[in-house]
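# Coordinate analysis (summary)
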Amino acid sequence: MQTSPVKQPLNEKDYLEGELISEFKHELIDGEVYAMAGASANHERIAANIIRDISIHLKESHCEPFGSDMKVKATPNFYYPDVIIDCEFDETTPYFTTTPKIIVEVLSKSTRRTDETTKRTAYLNIPSLQEYVLIEQDIVDVEVVRRSEGWLSRHYFMGDDVIFESIGLTLSVEEIYHRVKNEDVTEYLNQKAEID
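This text gives an overview of the structure that appears in the document.

Cut-offs used in this document
Residues numbered from 1 in each chain as written. Predicted model: local features only at pLDDT ≥ 70, side-chain atom pairs only at ≥ 80, totals over all residues. Heavy atoms only, no water. Salt bridge = Lys/Arg side-chain N within 4 Å of Asp/Glu carboxyl O. Helix = DSSP H or I, 4+ residues; strand = E, 2+ residues; numbered from the N terminus. Buried < 20%, exposed > 50% of the residue type's maximum accessible area, 1.4 Å probe, protein only. Pairing = 2+ DSSP bridges. Expected span 1.5 Å × (residues − 1). Arc of directions from axis to C-beta. Core = buried A, V, L, I, M, F, W, Y, C linked by side-chain atoms within 4.5 Å. Contact = heavy atoms within 4.5 Å.

### Considering the pattern of salt bridges
- If you walk through the whole model with that rule in mind, you get 13 salt bridges.
- Salt-bridge contacts for Glu-17 lead to Lys-13; the nearest nitrogen and oxygen are separated by 2.9 Å. Residue Glu-17 and its partner Lys-13 are both found in helix H1 (residues 12-21); the two are separated by 4 residues, about one turn of the helix.
- When the shortest N-O distance is used, the salt bridge between Glu-174 and Lys-192 registers 2.9 Å. Taken as a pair, Glu-174 in helix H5 (residues 173-176) and Lys-192 in helix H6 (residues 183-195) lie far apart in primary sequence, 18 residues in all.
- The class of Glu-174 is partly exposed, set by a relative accessible area of 26%.

Written as structure tokens, this is what we have:
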């Protein structure tokens, strides 16, 4: 999530060194540094659900998930996605990756435009990326675009299963939204309880 830019262009070296000692996270976008805002409880629940389930699935794999403290370099920019799955992590750059296989962003009103435009364009140009996932927190909507499908947008809702094709994992939308408090989740769970 980003707020107003700090108007002092930084090069990559200065940016990375600054992030190591900074109290707050910043993204570097086209030479501008943007401070990151905090996240809501629903945002954190969704990210935690994804990381938990993917961690279990990848336990015996060389692929691994990272949370929102790991940066992605999408030349020349650096972003902090909510979840990254990487299968080729380079230990010589322990604070960022250039080889994400999956990137997940949890959307909010303040980040939606950037996540769906600027970041989408940057991420889809990363050669290793296979899937980009955008998850709404205020309503139920999981959007997945896959390289294997020419980046065609597919949407999933309560009752659907989402396939993370590149790592062979299927998660229900209900699992992704576990403990999330919004009107769509409440309505779905109430209807499900009535049927049971």
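Text resumes after the structure shown.
### Looking at the pairing of strand E14 (residues 169-172)
- Inspection of the sheet shows strand E13 (residues 161-164) paired to E14 by 4 bridges, in the antiparallel sense. Within the sheet, the bridge partner assigned to Phe-164 lies in E14 and is Leu-169.
- Linking E13 back to E14 in an antiparallel pair, the connection comprises 4 residues, with Gly-168 at a positive phi of about 65°.

### With respect to helix H2 (residues 41-57)
- For H2, built from 17 residues, the straight-helix expectation of 24 Å at 1.5 Å per residue is met to within 8% by its first-to-last C-alpha distance of 24 Å.
- Looking at H2, one finds that the buried residues are Asn-42, His-43, Ile-46, Ala-47, Asn-49, Ile-50, Asp-53 and Ile-54. Relative to the axis of H2, the buried residues are bounded by an arc of 155° and lie together on one face.

### So, the nonpolar core
- Core analysis: the largest hydrophobic core is formed by 29 residues, its most contacted members being Ile-50, Ile-135, Val-142, Phe-164, Ile-176 and Tyr-177.
- Elements with a contribution of two residues or more to this core: H2, strand E7 (83-86), strand E9 (100-107), strand E10 (131-136), strand E11 (142-146), E13, E14 and H5.
- With 4 residues, the single largest contributor to this core is H2.
- For Ile-176, the residues in contact, after removing those within four places along its chain, are Ile-46, Asn-49, Ile-50, Ile-135, Val-142, Val-162 and Leu-171.
- Among the nonpolar cores identified, the runner-up in size contains 19 residues, and Val-72, Ile-103, Ile-126 and Val-145 belong to it.

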